[in-house]
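# Notes for the structure review
Each chain is listed here by its residues.
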Amino acid sequence: MGAWKGPSTLLALLLLLCPLPAPACPPTCSCWAGDVDCRQRALYEVPQRLPANASTLWLGYNFIAVLGARAFPSLPVLLRLSLPHNHLGMIHRQALVGLRALQELDLSDNQLAVLSPETFLPLGSLATLNLGDNRLEELGAGVLRALPRLQALFLHGNPWVCSCSILPLWRWLGHNREKVPEKSLLQCMFPKQLNMYPIMAFKNESFWPCHETPLSTQHYATFLLIGLFSFLASIIFCTFMGSIVVVYQHLRREPHFWRRPLTCRGC
């Protein structure tokens, strides 16, 4: 019979019989088996005391307008984050730090007009992103490059401006048609003459003015210096040639000055 191990054995038995309590659920939310439901709770910000074992967080139909830096506590197993129907107009580039396992993000029906690529860099596992019904006029290539594992992108209901700024999105759509379920519904809103025109109907020729490489400030400065030196050189050259012509004309009018014979007095 083994010897009694003392307090350590008793502590181990107590831990087996009485497991640690589950992380506390925010008083404004309801929690069940990793599902945290904070919908329609008149929230103006994300609750800061969230269960660390949360796998799904519902925050839709609230009044959240800004996601500041580190807006969420560290949620290492969070797979789904739902934020539709808020007043969300700004997302800090570090707002989603700590959500590295996130696979689904719903930001639809908000007021987002600008997205920073840095915002999505912590979400290396994100597969589904819903940006529908926001105020996006364009979507930069950097945002799309920050999501290498993206499999489904929803963009309907945004006021797309079909100028050169839409080119990165158009190119991405051309190579990822299968990732945008409602790609045929994406339409221009501006300019007026292209209102309701399908973005996918554009051809490469439509963007030929956008392919011209813009000149940098250094190029413009170089051209300015070249032009200035050319102008000064032309003035000097014209002045020199003009002087030669004047001297030549003067010599033609007084040829006797050179041909007058030499005479000596007293000869």
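Since we're looking at a predicted model, the values are computed, not measured.

With that settled, consider the nonpolar core. In terms of nonpolar packing, the biggest core is built from 56 residues, with Leu67, Phe72, Leu81, Leu105, Leu129, Leu139 and Leu153 touching the most fellow members. Counting only elements with at least two residues in this core, the list comes to α3 (141–145) and α4 (167–175). With five residues, the top contributor of residues to this core is α4. Filtering out sequence-adjacent residues up to four positions away, Leu153 remains in contact with Leu129, Leu131, Leu139, Leu144, Trp172, Lys179, Val180, Pro181 and Glu182.

What follows covers the UniProt feature "domain: LRRNT" (unreviewed entry) in the protein chain. Within the UniProt annotation, "domain: LRRNT" (unreviewed entry) is assigned to residues 24–56. Annotated as 0% helix and 21% strand, the span residues 24–56 places its first and last C-alpha atoms 15 Å apart.

Turning next to α4. Restricting attention to buried positions, one finds in α4 the residues Leu167, Leu169, Trp170, Trp172 and Leu173. Contact partners of the buried residues in α4: α3, β9 (152–154) and β10 (160–161).

Strand order in the open sheet formed by seven strands is β1-β2-β3-β5-β7-β8-β9, with mixed pairing between adjacent strands. The sheet is open, and its two edges are formed by β1 (30–32) and β9, each paired on a single side. Going from strand to strand, the sheet's axes swing by 5° on average, the running direction of each strand aside. One ladder, built from three bridges, connects strand β2 (residues 35–37) with strand β3 (residues 56–58); its direction is parallel. Bridge pairing in β3 places Val36 opposite Leu57.

The next point concerns unusual backbone geometry. The general pattern is negative phi for most residues beyond glycine and trans for most peptide bonds. Cis geometry marks the peptide bond from Phe190 to Pro191, where omega comes out at -5°. Relative to the assigned elements, Pro191 resides in the loop between β11 (188–190) and α5 (217–253).

The next point concerns the state of the cysteines. Throughout the structure, instances matching the rule amount to four disulfides. There is a disulfide in this structure between Cys162 and Cys188, and the S-S distance comes to 1.9 Å. An S-S torsion of about -90° defines the bridge between Cys162 and Cys188 as left-handed. Taken together, the positions of Cys162 in the loop between β10 and α4 and Cys188 in strand β11 put the pair 26 residues apart, joining distant regions of the chain. Note on Cys188: relative accessible area 2%, which makes it buried. One disulfide in the model links Cys164 with Cys210; its S-S distance is 2.0 Å.

Tallying each qualifying case throughout the model produces two salt bridges. As a salt-bridge pair, Arg39 and Asp37 come within 2.9 Å of each other at their nearest N and O atoms. Accessibility expressed as a relative area gives 17% for Asp37, which makes it buried.

Cut-off values and rules
Residues numbered from 1 in each chain as written. Predicted model: local features only at pLDDT ≥ 70, side-chain atom pairs only at ≥ 80, totals over all residues. Heavy atoms only, no water. Core = buried A, V, L, I, M, F, W, Y, C linked by side-chain atoms within 4.5 Å. Buried < 20%, exposed > 50% of the residue type's maximum accessible area, 1.4 Å probe, protein only. Helix = DSSP H or I, 4+ residues; strand = E, 2+ residues; numbered from the N terminus. Contact = heavy atoms within 4.5 Å. UniProt positions renumbered as here; feature names shortened; annotations may be inferred. Pairing = 2+ DSSP bridges. Axes fitted to C-alpha atoms, helices over the stretch in contact; angles between N-to-C directions. Disulfide = S-S within 2.5 Å. Salt bridge = Lys/Arg side-chain N within 4 Å of Asp/Glu carboxyl O.

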